[in-house]
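A structural walkthrough
If you want the building blocks of each chain, they are given just below.
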Amino acid sequence: MNYNLRLGNYLKAKNNTKNIIILNTLAILPLLIYFMINYKFNILIFIISALIYIIMEIIIKKITVAQENILIKDYYIYYGLINMIIIPYNITLINLILINILSYLLYKILNKKINISLTIIIFLFLLIFKIDLSNTYLFINDITLSLLITYIITIIYLYIIDYKINFAYLLTIFIYLITNSIINNNYLNIISILNPIYIILSFFIINDNNKLNPTSYGKNIIGIIIGIITIILSKLNINYYQIIALLLTCITYIFIDNYLIKYHFNYQVKKVSLILLTITILIISYI
């Protein structure tokens, strides 16, 4: 079994940890600039989130006498930027502080046993605290020409900085939408693939720091699984089904990845993944 020779979303041979952290932080900037220009932005979410993570990291390292020479503070700056997109701009200060502290502590506990993204844990606490996520930039329904152009610029920019985009999740959702549109003779649904929730999940969160799997094809398989669970949950009319699908997959991904390794699915997926994906989504569309 060949393991992915990437650190985060970049080739290890071409970047050191410091450069990867800087590039991860820069990768989100085109979309952030768009949201800053066109919508309300609570810069305090970024400042408070980043400060809490940095302060907590310093405290933990003092207590545990940690010796790691990793620029984790810069990763927390990246997480702070992501938080401006996934946390509602009108969140109360106390909720923001509590969610960030609890997310950091749970992240530190879980990360000793399994690789998991801090962003995913923040999603979990947002749901636990019953925060209204409709006030986030993830769920903007107004798909304008300027937003579409921003997505195109973002994709080009990510390729320029050699950011490895995982299109598997986005492709899964798109196949379902176009299949469903053909069945129901309603092609307006296809435009929903451009909602920020799908773009940001597929570009920046499902790929987040290579946390979701270590195998070469694991990321694409996980993206497909999240996509299929998303489709199923949407048919059940579950609120925030995209995020619930992500959380469910992240809870079980370690078992999925072990299964892929055990049965050499990394090799077999080259031949059957696209066929299985298409058949599965066709079946789901008809249900």
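Up top you'll find the structure we're talking about.
Fair warning: this is a prediction, and the values are worked out from it, not measured in the lab.

1. A closer look at the overall build of the protein chain
- Each helix and strand in the protein chain was counted, giving 12 helices and two strands.
- Tracing the protein chain from N to C terminus, the helices and strands come up as β-β-α-α-α-α-α-α-α-α-α-α-α-α.
- Out of the 287 residues belonging to the protein chain, those deemed buried represent 48%.
- Contacts in the protein chain between residues at least 24 apart in sequence constitute 79% of all its contacts with a sequence separation of at least 6.
- Roughly 14200 Å² of accessible area belongs to the protein chain as shown, and the carbon and sulfur atoms make up 68% of that amount.

2. Thoughts on the packing of helix α3 (residues 43-64) against helix α5 (residues 93-110)
- The N-to-C vectors of α3 and α5 enclose an angle of 40 degrees; their axes lie 10 Å apart at closest approach. Here α5 runs oblique to α3, going by the angle between their axes. With respect to the hand of their crossing, α3 and α5 are arranged in right-handed fashion. Judged by residue contacts, Leu44, Ile45, Ile48, Ser49, Ile52, Tyr53, Met56, Glu57 and Ile60 of α3 engage Leu93, Leu96, Ile97, Asn100, Ile101, Tyr104, Leu105 and Lys108 from α5.
- When grouped by side-chain class, the residues that make up the contact of α3 with α5 number 13 nonpolar, two polar and two charged.

3. Let's talk about the pattern of salt bridges
- Evaluated as defined, the whole model comprises one salt bridge.
- The partner of lysine 108 in a salt bridge is glutamate 57, with the nearest N and O atoms 3.1 Å apart. Here the residue lysine 108 occupies a position in helix α5, and glutamate 57 occupies one in helix α3, the gap between them amounting to 51 residues.
- The exposure class assigned to lysine 108 is partly exposed, which follows from its relative accessible area of 26%.
- Exposure remark for glutamate 57: the relative accessible area of 5% places this residue in the buried category.

4. Here we look at the nonpolar core
- Within the largest apolar cluster, 73 residues are counted, with the highest numbers of intra-cluster contacts made by Ile85, Ile86, Phe123, Leu138, Phe204 and Leu246.
- Setting aside anything within four residues of it in sequence, one finds leucine 246 in contact with Ile120, Phe123, Leu201, Ile205, Ile206 and Ile226.

5. Side note on the packing of aromatic side chains
- Summed over all chains, the structure comprises 15 aromatic pairs.
- Ring plane angle 35 degrees and centroid distance 6.3 Å describe the contact between tyrosine 76 and tyrosine 79, whose orientation is recorded as tilted. A residue pair is termed a helical-turn pair when its members lie 3 or 4 positions apart in one helix, as tyrosine 76 and tyrosine 79 do in helix α4 (residues 72-86) at three residues. By the burial criterion, tyrosine 76 is buried, and tyrosine 79 matches it.
- Here the aromatic rings of phenylalanine 203 and phenylalanine 204 are separated by 6.1 Å at their centres, their planes lie at 75 degrees, and the arrangement is edge-to-face.
- Of the residues examined, phenylalanine 203 reaches a relative accessible area of 1% and is grouped as buried.
- An aromatic cluster of three or more residues is present, and its members are Tyr34, Phe35, Tyr39, Phe41 and Tyr137.

6. Some details on unusual backbone geometry
- Although it is not a glycine, lysine 130 adopts a positive phi angle of roughly 55 degrees.
- Looking at the secondary structure, you find lysine 130 in the loop between α6 (118-128) and α7 (145-160).
- Residue classification places lysine 130 among the exposed residues on the basis of a relative accessible area of 76%.
- For tyrosine 240, which is not glycine, the phi dihedral falls at a positive 55 degrees.

7. Re the side chain of threonine 154
- Looking at the secondary structure, you find threonine 154 in helix α7.
- For threonine 154, a relative accessible area of 1% translates into the label buried.
- At 2.7 Å, the side chain of threonine 154 forms a polar contact with the backbone oxygen of threonine 150.
- Residues contacting threonine 154, with those up to four places away along its chain left out, are Pro30, Leu31, Phe203 and Phe204.

8. Let's talk about the side chain of glutamine 242
- You can see glutamine 242 is positioned in helix α11 (residues 241-262).
- Using a relative accessible area of 5% as the deciding quantity, one classes glutamine 242 as buried.
- A distance of 3.5 Å separates polar atoms of two side chains, one belonging to glutamine 242 and the other to tyrosine 198.
- Once residues lying within four places of it in the same chain are set aside, the contact partners of glutamine 242 are Phe139, Tyr169, Ile197, Tyr198, Leu201 and Thr230.

9. Describing helix α9 (residues 196-205)
- In terms of residue burial, α9 counts as a mostly covered element, since 10 of its 10 residues are buried.
- Turning to α9, its buried residues number three or more, namely Pro196, Ile197, Tyr198, Ile199, Ile200, Leu201, Ser202, Phe203, Phe204 and Ile205.

10. Digging into the packing of α7 against α9
- At their nearest, the axes of α7 and α9 sit 12 Å apart, and the two run at 5 degrees to each other. Taken together, the axis directions place α7 and α9 in an arrangement best described as roughly parallel. Residues Leu147, Tyr151, Thr154, Ile155 and Leu158 of α7 lie in contact with α9, whose contacting residues are Pro196, Ile199, Phe203 and Phe204.

About the cut-offs
- Residues numbered from 1 in each chain as written.
- Predicted model: local features only at pLDDT ≥ 70, side-chain atom pairs only at ≥ 80, totals over all residues.
- Heavy atoms only, no water.
- Helix = DSSP H or I, 4+ residues; strand = E, 2+ residues; numbered from the N terminus.
- Buried < 20%, exposed > 50% of the residue type's maximum accessible area, 1.4 Å probe, protein only.
- Contact = heavy atoms within 4.5 Å.
- Areas by Shrake-Rupley, 256 points an atom, 1.4 Å probe, with all protein chains shown as cover.
- Axes fitted to C-alpha atoms, helices over the stretch in contact; angles between N-to-C directions.
- Parallel < 35°, antiparallel > 145°, perpendicular 65-115°, else oblique.
- Left-handed = near helix turned anticlockwise from the far one by under 90°.
- Nonpolar A, V, L, I, M, F, W, Y, C, P; charged D, E, K, R; others polar.
- Salt bridge = Lys/Arg side-chain N within 4 Å of Asp/Glu carboxyl O.
- Core = buried A, V, L, I, M, F, W, Y, C linked by side-chain atoms within 4.5 Å.
- Phe/Tyr/Trp six-rings, centres within 6.5 Å; stacked < 30°, edge-to-face > 60°.
- Polar contact = N/O pair within 3.5 Å; in protein donor to acceptor, adjacent residues only side chain to side chain.

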